[in-house]
Amino acid sequence: MEGLKRMVTQIAFTPDSRLSQLPLLHRSLLPLLSLASSIYRFSLSLRRLLYFSGLLHQRRLPVPVISVGNLTWGGNGKTPMVEFIARLLDEAGIGPLILTRGYSGGDEAKMLHRHLLQTSARIGVGANRIATAASMFERHGYVDSSNTLSEKLLSPYKFESGAKDEKVGVVILDDGMQHWSVLHDVEIVMLNGVMPWGNNRLLPRGPLREPPSALVRADIVVIHHADLVCVPDKQLKMIESTVHNIDATLPVFHSRMAPSHFFEVKNPHSRLPLSTVQNMVVLCISAIGFPDAFAQAISKIGPLHVDRLDFSDHHLIQADDYDRDPVILKRLYCLKVLVLCSSLQIMPLSARTEENFKMNLKKHLINSLQEKK
C-alpha cells in the first residue's frame, strides 16, 4: 500500500509534458486514475449542489468558526496554522476549540495537544465535527454573548495578553475547507508555494481536492513554504496572480516553518539546541505531506551529511509513545534519535506582515459577530 501511495503521489505532481518519463508501471495506472478523477469531479459537483440548494443542511455553531483548509492534499501547513491561530486567540483571552478528524491514529491531535498544553485551547477529535463540538460545548461551556467576544477583539486593537476564558469562544476547524456541514465564518486557505496546484488535476489523478476556482470562498490565502521557493520573485508572483484572477480583493500572506529546537524521543521534555546536529550524519525519517521542507530545514542547520527515509503523509509507523516513532528507532541505542520542533511564522513579504494577518483575522471575526446580532 505504501508503494502504491508513492506512485500515485509521483503521478499527481508530474506535469503532463513529463509523463513519458515515468516508469511503465506508473503510466499503466493513468487510465484508472483518470476515470476515478472523473467520478470524484461528479461527486464533488453533486455534493456542492446538494448543500447550496439546501437539500443537505449546514449547521451554524454558537460561536464563530475559523476554517483552515487547502486545495491539495498534505504539506500545506494547515495544522501549524491551526496552532498559530489558537495561540493568537489564547493570548487575546479567547478560548479556542480545535476540531480535527484525527487521521491515522490522531497524530496531529496528539501534537497539537502537546504544543498547546499550557494554553486555554481545547481539542475535539472525531469525524462528526458537529457532534464533537456539541460534546465539547457541554463539557466546557461556550461564550454565548457576541458582545463579550467583540470587546476582547476590539480592546486592545492588537492580539495581546488578556484574561483567560475557560469557555470556548471560537472554533478552529482543522482541514475544514471541504467540510461543508458546518458554516464557516472565516475561510483561511493554505497553498504550498513550492507546488501549489500539482498537475492541475483532481484527486486521485492529481492532488487537487477542489479546482483553484474554489478560492472564491476564501477570506485569507496563505502561501506556505514561501522560503523554499527557488525563484521567489517570479514563482510567488505567479501564485498571487492566479489567486487574484479569481478574487482581486483576497489578501495573500506568506509563511514558513521556523525550527526552534530538538527533543529526544526517550525524553519528550528535553530541549536541545539546533546546533546539536552540526557536524553529524543525519537520517531524516518523516511521515508528512511535504518531506522536502523537513530535509531542507535539517540541511540548513549544518550537519555533515543528510539522508532521508520518507513515508506517505500520516503513515502509521507505530501508534504509541511519540506520535510517529517507529520501533526500530528505539532499538538504535548507539544513535541519537531526535525530533525537530518547528512553528509557523508569517513572513513579512509584499508589505504583508504578521500584524497585517492578525488585523485581517480580527476584522473577519468582528464582522461575523456583528452579522449574528
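Report follows, based on the coordinates.

Criteria and thresholds
- Residues numbered from 1 in each chain as written.
- Predicted model: local features only at pLDDT ≥ 70, side-chain atom pairs only at ≥ 80, totals over all residues.
- Heavy atoms only, no water.
- Helix = DSSP H or I, 4+ residues; strand = E, 2+ residues; numbered from the N terminus.
- Rg over C-alpha atoms; globule rule 2.2 N^0.38 Å.
- Areas by Shrake-Rupley, 256 points an atom, 1.4 Å probe, with all protein chains shown as cover.
- Lys, Arg positive; Asp, Glu negative; His and termini not counted.
- Charge placed at Lys NZ, Arg CZ, Asp CG, Glu CD.
- Buried < 20%, exposed > 50% of the residue type's maximum accessible area, 1.4 Å probe, protein only.
- Contact = heavy atoms within 4.5 Å.
- Disulfide = S-S within 2.5 Å.
- Axes fitted to C-alpha atoms, helices over the stretch in contact; angles between N-to-C directions.
- Parallel < 35°, antiparallel > 145°, perpendicular 65-115°, else oblique.
- Nonpolar A, V, L, I, M, F, W, Y, C, P; charged D, E, K, R; others polar.
- Pairing = 2+ DSSP bridges.
- Patch = residues over 30% accessible without salt bridge, like charges linked within 9 Å, V, L, I, M, F, W, Y side chains within 5 Å.
- Salt bridge = Lys/Arg side-chain N within 4 Å of Asp/Glu carboxyl O.
- Left-handed = near helix turned anticlockwise from the far one by under 90°.

What about the overall build of the protein?
Okay, so step 1: Regarding its fold elements, the protein presents 11 helices and 11 strands.
Okay, so step 2: The globule rule puts the C-alpha radius of gyration for 373 residues at 21 Å, and the 21 Å found for the protein is close to it.
Okay, so step 3: By principal-axis analysis of the C-alpha atoms, the protein measures approximately 60 × 50 × 40 Å.
Okay, so step 4: For the protein, the accessible area works out to roughly 18,100 Å², and carbon and sulfur atoms hold 56% of it.
Okay, so step 5: Charged side chains of the protein number 42 positive and 35 negative; the gap between the two group centres comes to 3 Å.

As for helix H9 (residues 291-301)
Okay, so step 1: Within the span of H9, buried status applies to Pro291, Ala293, Phe294, Ala295, Ala297, Ile298 and Ile301.
Okay, so step 2: Where H9 is buried, its residues meet strand S7 (252-264), strand S9 (281-286), strand S10 (305-310) and strand S11 (338-347).
Okay, so step 3: Of the residues one or two after H9, Gly302 is the one with positive phi, at around 110°.

Quick notes on the state of the cysteines
Okay, so step 1: Throughout the structure, instances matching the rule amount to 0 disulfides.
Okay, so step 2: Unpaired in this structure, Cys284 has its nearest cysteine sulfur neighbour in Cys341, at a distance of 14 Å.
Okay, so step 3: Taking the relative accessible area as the measure of exposure, Cys284 reaches 2% and is therefore buried.

A few points about the environment of Asn267
Okay, so step 1: Tracing the backbone shows Asn267 in strand S8 (residues 267-272).
Okay, so step 2: Separated by 74 residues in the primary sequence, Asn267 and Gly193 place their C-alpha atoms 34 Å from one another.

Observations regarding the packing of helix H4 (residues 78-91) against helix H11 (residues 354-372)
Any two packed helices are characterised by how steeply their axes cross, that is the angle between the axes, and by the distance between the axes.
Okay, so step 1: In the contact formed by H4 and H11, the axes pass within 12 Å of each other and the chain directions differ by 75°. Classified by the angle between their axes, H4 and H11 sit roughly perpendicular to one another. Of the residues in H11, those touching H4 at Met81, Phe84, Ile85, Leu88 and Leu89 are Glu354, Phe357, Lys358, Leu361 and Leu365.
Okay, so step 2: Per-class residue counts for the contact of H4 with H11 are 8 nonpolar, no polar and 2 charged.

Here we look at the pairing of strand S5 (residues 186-192)
Okay, so step 1: The buried count for S5 comes to 7 of 7 residues, which makes it a mostly enclosed element.
Okay, so step 2: Of the two faces of S5, both are covered, the one formed by Val186, Ile188, Met190 and Asn192 as well as the one formed by Glu187, Val189 and Leu191.
Okay, so step 3: In terms of strand pairing, strand S1 (residues 65-70) meets S5 through 5 bridges, oriented parallel. Note on S5: the bridge partner recorded for Gly69 is Val189.
Okay, so step 4: Bridge count for S5 against strand S6 (residues 220-224) is 5 bridges, and the pairing is parallel. Within the sheet, the bridge partner assigned to Val189 lies in S6 and is Val221.

Considerations on a nonpolar patch on the surface
Okay, so step 1: On the surface, Leu32, Leu35 and Ile39 cluster together into a nonpolar patch covering about 330 Å² of accessible area.
Okay, so step 2: Note on placement: Leu35 falls in helix H3 (residues 30-52).
Okay, so step 3: Owing to a relative accessible area of 52%, Leu35 belongs among the exposed residues under this scheme.

Digging into the packing of H4 against helix H5 (residues 107-115)
Okay, so step 1: Axis separation between H4 and H5 bottoms out at 11 Å; the angle between their running directions is 30°. If you check the angle between H4 and H5, you find them roughly parallel. Handedness of the H4/H5 crossing: right-handed. For the pair formed by H4 and H5, the contact residues are Thr79, Val82, Glu83 and Arg87 on the first element and Glu108, Met111, Leu112 and His115 on the second.
Okay, so step 2: A class-by-class count of the residues in the contact of H4 with H5 yields 3 nonpolar, 2 polar and 3 charged.

Shape descriptors only; they carry no functional weight alone.
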